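Breakdown of the fold
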Amino acid sequence: MADAPPPAAAGNRAAMKKELPEKFRSYKHVWVMVELERGEVHPVSWELLGEARKLADKLGVEVAGVVLGAPNAGTREATQQAFEFGADVVYLVENPILADYRNESFTRTLTELVNTYQPEILLLGATNLGRDLAGSVATTLLTGLTADCTELNVDADKSLAATRPTFGGSLLCTIYTLNFRPQMATIRPRVMAMPARQPGRVGRVVEHAVDLKEESLVTKVLSFLPDRSSQKSNLAFADVVVAGGLGLQSAENLQLVRALAGVLGGEWGCSRPCVQKGWAPADRQIGQTGKTIRPKLYIAAGISGAIQHRVGVEGADLIVAINTDKNAPILDFAHFAVATDAIRFLPALTEAFRARLSHHSRDRLVG
Amino acid sequence: MHIVVCIKQVPDSAQIRVHPVTNTIMRQGVPTIINPYDLFSLETALRLRDKHGGEVTVLTMGPPSAEESLRKALTYGADRAVLLTDRFFAGSDTLATSFALSKAVEKIGASWGSPDIVFAGKQTIDGDTAQVGPGIARRLELNQLTYISKIVGVDLAARTMELERRAEGGTQVLRTALPALVTMLEGSADIRRGTFADALRAARAELVVWNAAAAGIADVTKCGLRGSPTVVKRVFAPTPRSEKAKAIDVQPKAKDTAEAFIAALFSAKAGLEGDLERLAAGI
């Protein structure tokens, strides 16, 4: 969705009526693209399998995972894990060419699988890989794709109802792909809950061979430079997150947020405007276009809480806001609030937490 | 070399308000800007042109008022601006948008030389889909390179390009062939200020304005609402939580407020204190 048309315009539209063409009526089952890169499956794939299970149960169909990769590069492990996280079937394509993600090889393979086995719903993680792949597969198939969904459901007529924030999260809209198949959607990591793993659960493997040759691929992977571990942020999976916003007034004051996160053994983040101002790198951004977090405790300092931020933090068990503005939107979804200047309050809070928790952690390095 | 940069004029998201009754975006009086992600692509394109010679054409689809953003792009140093505007485009989803833009890129190619690289923004700040770039790539069968952190080099004679792409857990170093579609990552290249000469030129420049027919689009059923497989059925405001945040009293001493604050958290959530102690101790 580049533009959500206003509801009035949407109401006038012929495509609002569901008249599924004959050729799509055989499309059945809910698929999840299992993101396997360098032997590791991105956890969003399992979150999506949990969601796919719910949709499939409502539709009375099966859940399938799609595993693409080089032979003996984690494909068999990923297949078994997919069953344990709820897949009934795994479509498995093993080919040395699929060792690294490349748009061309993955688009061709996934498109061929869709055309051959005809799923009605295809879900992908809204990761760099998933978004790159979903956009080109949907365009190749000329079907609808809804990005960054926060809620998926099945309507009475069995259509997929995909709800996503739009206009920077000021509004939510529910989008349908009524007359094309598959109905495609991407969902960001941590938006859906991780399903319980059922060890030993098994399913059916459908192996599919694709005719891909390295000579026919234009883009070559020259090398892969792994991130240094010090660069990685574990923000999405942290139990405690402390974040700062424009209320901190300067990049330097983000250090106050880092210090508190350090004392709490948590991670730090920031709101989108901080990243846009260059105060912090993009991987520290929390919200609709940044990271979605699900911590036990989330402390937001100087963040007004625009809805695009809210959708990224609503999964937190306890949200507390430090904000001088008593009308800030964050007070609509925070559990506790302190109406005080974060710049002065954060050092006191850091000290108080340090004193309170000190019998376990003396002299912990911060920052 | 010839480079086409696709941009979008978007409302400045910080200033968007939603009508409390109709749940529609109140666009009136909201300033518009070039989608910030597009500027990283535009600057990268300008640097490539400065190094290799050639031209940068900026392209946008939108209402006539999108002219403002195109002129802004000219002040940064783009050589030519094309506005694709027609009522047939209204209500386009990403598939219909990528169709119209790809036809316009073809027409640009036929008019001023086939582009070596087409740039798009990583995503927009209003739609946030990241789908239009890949859509254009597919329709024009360009090599698709998204989330690019750096263009290492372009070899025009060999028609190749080396780039660094952000992947999960690291950076892919890729070599691809021209023509290609590239979306740049934020922070990859900050937009220049533009020269005084460019500002003068931009003010006087005549923009190229195409409707669907002029852009060579014969089949308008592939555009706008009719060309969009997705349907927006409901638009609604998020439901507010039933109760507001509980205020913790601010006391004269920050230390006292902090201690009251911690006590309130720990009494609200059983087990939180123990969790924090374990985390703080690094267990």
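Attention in this report is confined to the structure presented alongside it. (Residues numbered from 1 in each chain as written. Chains lettered and ligands numbered in written order. Predicted model: local features only at pLDDT ≥ 70, side-chain atom pairs only at ≥ 80, totals over all residues.)

Considering the sheet that holds strand 11 (residues 183-187) of chain A
Residues and elements named next belong to chain A. Selection rule: A pair of strands counts as paired when DSSP detects no fewer than two bridges linking them. Strands here are runs of E lasting at least two residues and helices are runs of H or I lasting at least four, both read from the DSSP assignment and numbered beginning at the N terminus. A fitted line through C-alpha atoms represents every axis, and for helices the fit uses only the stretch in contact; the resulting angles, taken between N-to-C directions, go from 0 to 180 degrees. Each residue is represented by a C-beta atom placed from its backbone, and any two residues with such atoms within 7 Å are regarded as in contact.
One open sheet accounts for 7 strands, arranged 7-11-6-1-4-5-12; its pairing is parallel. Because the sheet does not close on itself, it has two edges, and the strands there are strand 7 (145-149) and strand 12 (204-207). Direction aside, neighbouring strands of the sheet carry axes that sit 25 degrees apart on average. In terms of strand pairing, strand 5 (residues 89-94) meets strand 12 through 4 bridges, oriented parallel. Across the sheet, the residue bridging to Tyr 91 is Val 206, located in strand 12. On top of the sheet, helix 2 (residues 44-59) reaches strand 1 (30-34), strand 4 (63-69), strand 6 (121-125) and strand 11; it is set at about 180 degrees to strand 1, its chief contact. Contacts between helix 4 (residues 103-117) and the sheet are confined to strand 1, strand 4, strand 5 and strand 6, with strand 4 contributing the most and set at about 150 degrees to the helix.

Topic: the interface of chain A and chain B
Reports of interface size often rely on the accessible area that becomes lost once the parts have come together. Note the threshold: Nonpolar residues are Ala, Val, Leu, Ile, Met, Phe, Trp, Tyr, Cys and Pro. Charged residues are Asp, Glu, Lys and Arg, and all others, Gly as well, are polar.
Across the contact, 95 residues belong to chain A and 84 residues belong to chain B. Mapped onto the side of chain A that touches chain B, the elements with two or more residues apiece are helix 1 (7-11), helix 5 (128-141), strand 7, strand 10 (171-177), strand 13 (220-226), strand 17 (318-322), strand 18 (336-338) and helix 9 (342-357) of chain A. For the side of chain A that touches chain B, the element with the highest residue contribution is helix 5 of chain A, accounting for 9 residues. Here the residues of the side of chain A that touches chain B sort into 52 nonpolar, 27 polar and 16 charged.

Points about the pairing of strand 13 of chain A
Selection criterion: Counts of 20 or more other C-beta atoms within 10 Å of a residue's own C-beta define buried residues, counts of 12 or fewer define exposed ones, and intermediate counts define partly exposed ones; C-beta atoms are placed from the backbone.
Among the 7 residues in strand 13 of chain A, 0 count as buried, and that is only a small part of the element. Looking at chain direction, strand 13 of chain A and strand 11 (residues 170-177) of chain B are connected through 6 bridges and run antiparallel. Note that in strand 11 of chain B the partner of Val 221 of chain A across the bridge is Leu 174 of chain B.

Considerations on unusual backbone geometry
Outside of glycine, negative phi angles account for most residues, and trans bonds account for most peptide bonds. A cis amide bond links Arg 181 of chain A with the next residue in sequence, Pro 182 of chain A, at an omega value of -5 degrees. If you trace the backbone, Pro 182 of chain A turns up in the loop between strand 10 and strand 11. The peptide bond linking Leu 178 of chain B to Pro 179 of chain B adopts the cis configuration, its omega dihedral lying at 0 degrees. Inspection of the secondary structure assignment puts Pro 179 of chain B in the loop between strand 11 and strand 12 (180-184). One non-glycine residue, Asn 72 of chain A, adopts positive backbone phi at about 60 degrees. Assignment of secondary structure puts Asn 72 of chain A in the loop between strand 4 and helix 3 (75-84). For Asn 72 of chain A, a count of 11 C-beta atoms within 10 Å puts it in the exposed group.

Everything listed is a geometric property; what it means functionally is a separate question.
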